[in-house]
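Structure at a glance
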Amino acid sequence: MGGVASAWKAAKPHEDLGEEFSVSATMMSGREILVGGLHFKDPVRKLKQKVADILEAPPFTLTLCLGSVLLEPSESTLQDFDISEGTNLTVVKRKPIELESPGESRYNKNYVCTVLRVREVADRAFAVEFEVVGDKSLGRLQDPLASELSSSSGGEWSLRPASHEFTETDFEKKIRGTLVYDNVPAETQVRFKFGNGWYSYLTLELGLL
C-alpha cells in the first residue's frame, strides 16, 4: 500500500505556473534591461533578485516601481500588481548606507566604545564595527552582546545583536569586533548604546525613511 501511495505522489504534476514572460525595467539613468523567466505567481522578491543579478547590485539597494506604485511587500506576487508580458518597471538604485567613524558611546573618560563604522549588509540589517577600551579601574569591560540599537525617540523598539564577530577579546582592557542587527525598522535616526548599563547613547543617521 505504501508503495502505491509513494508512486502516486511521485506522479503528481508540478503546480502549473503558467507561461513564462518578460518585463523591461528602466533605471533613472535611462538604461533599460530585460528580465525574463517570470511567472504570474512569482513573488516580487524573485523579480528584484533577477534585477539585482543583472545590475550586479545588492537587492536591498533597489526599489522597483510600476508607475507611481511601489512593488511592496516583497511577498506579494507579480499577479497582485497585474505585471505581465511587456510591463515596463522603473528601478531606483542607491548606494548601501555606510557611516565612517560616527562617534562614541561612553561610560566615562576611561571606558569608551568607539564606533568605527556602520554598514548596511542586508535588507534592514546593519553591522556595527566597534572598539571598546577600559583601564581596569572599574573592573572588566561590559558584555558587547548586551549592546542595543534602539529608536531615537526611545522606548518604541530595542534590538540586541543577532550575530557577532570579535577580532580582539581582552575583556580586561580591549574588545574589538562587529555586531550585526537584523530587522532594523525604517527610521531616519537610531541610537546605539554599548554594554548593559550606563554607557551614553550615540545617534546614527541612517536615513532609511
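The paragraphs below set out a description of the structure included in this document.

Criteria and thresholds
Residues numbered from 1 in each chain as written. Predicted model: local features only at pLDDT ≥ 70, side-chain atom pairs only at ≥ 80, totals over all residues. Heavy atoms only, no water. Salt bridge = Lys/Arg side-chain N within 4 Å of Asp/Glu carboxyl O. Buried < 20%, exposed > 50% of the residue type's maximum accessible area, 1.4 Å probe, protein only. Patch = residues over 30% accessible without salt bridge, like charges linked within 9 Å, V, L, I, M, F, W, Y side chains within 5 Å. Areas by Shrake-Rupley, 256 points an atom, 1.4 Å probe, with all protein chains shown as cover. Helix = DSSP H or I, 4+ residues; strand = E, 2+ residues; numbered from the N terminus. Pairing = 2+ DSSP bridges. Core = buried A, V, L, I, M, F, W, Y, C linked by side-chain atoms within 4.5 Å. Contact = heavy atoms within 4.5 Å.

What to know about the pattern of salt bridges
- Applying the stated rule across the entire model yields 12 salt bridges.
- Taking the shortest distance from any N to any O, the salt bridge between K46 and D42 comes out at 3.5 Å.
- Classification of K46 as partly exposed rests on a relative accessible area of 32%.
- The network of salt bridges with shared partners includes E98, E100, R117, R119 and E129.

Observations concerning a nonpolar patch on the surface
- A cluster of nonpolar side chains, Y107, L138 and W198, forms an exposed patch at the surface whose accessible area comes to about 400 Å².
- Counting through the fold element by element, L138 comes out in the loop between β8 (125–133) and β9 (148–151).

Here's the deal with the pairing of strand β3 (residues 62–66)
- Note that β3 and strand β5 (residues 88–93) share 4 bridges and pair antiparallel. Within β5, the residue paired with T63 across the bridge is V92.
- Relative to strand β4 (residues 69–70), β3 is paired through 2 bridges, and the arrangement is antiparallel. Each residue of the ladder has a partner; that of C65, found in β4, is L70.
- If you look at the hairpin formed by β3 and β4, you'll find 2 residues sitting between the two strands, and G67 has a positive phi there, around 65 degrees.

Things to note about the nonpolar core
- Counting 25 residues, the largest nonpolar core has V118, V132, Y181, V184, F192, L204 and L206 as the members making the most contacts within it.
- Elements supplying a minimum of two residues to this core: β7 (112–122), β8, β12 (174–181), β13 (189–193) and β14 (201–205).
- Looking at this core element by element, the count peaks at 4 residues for β8.
- Discounting residues that sit within four places of it in the chain, L204 has contacts with L99, P102, V118, L149, T188, Q189, V190 and F192.
- Counting residues in each nonpolar core, the second largest holds 21 residues, with V35, L78, I83 and L89 among its members.

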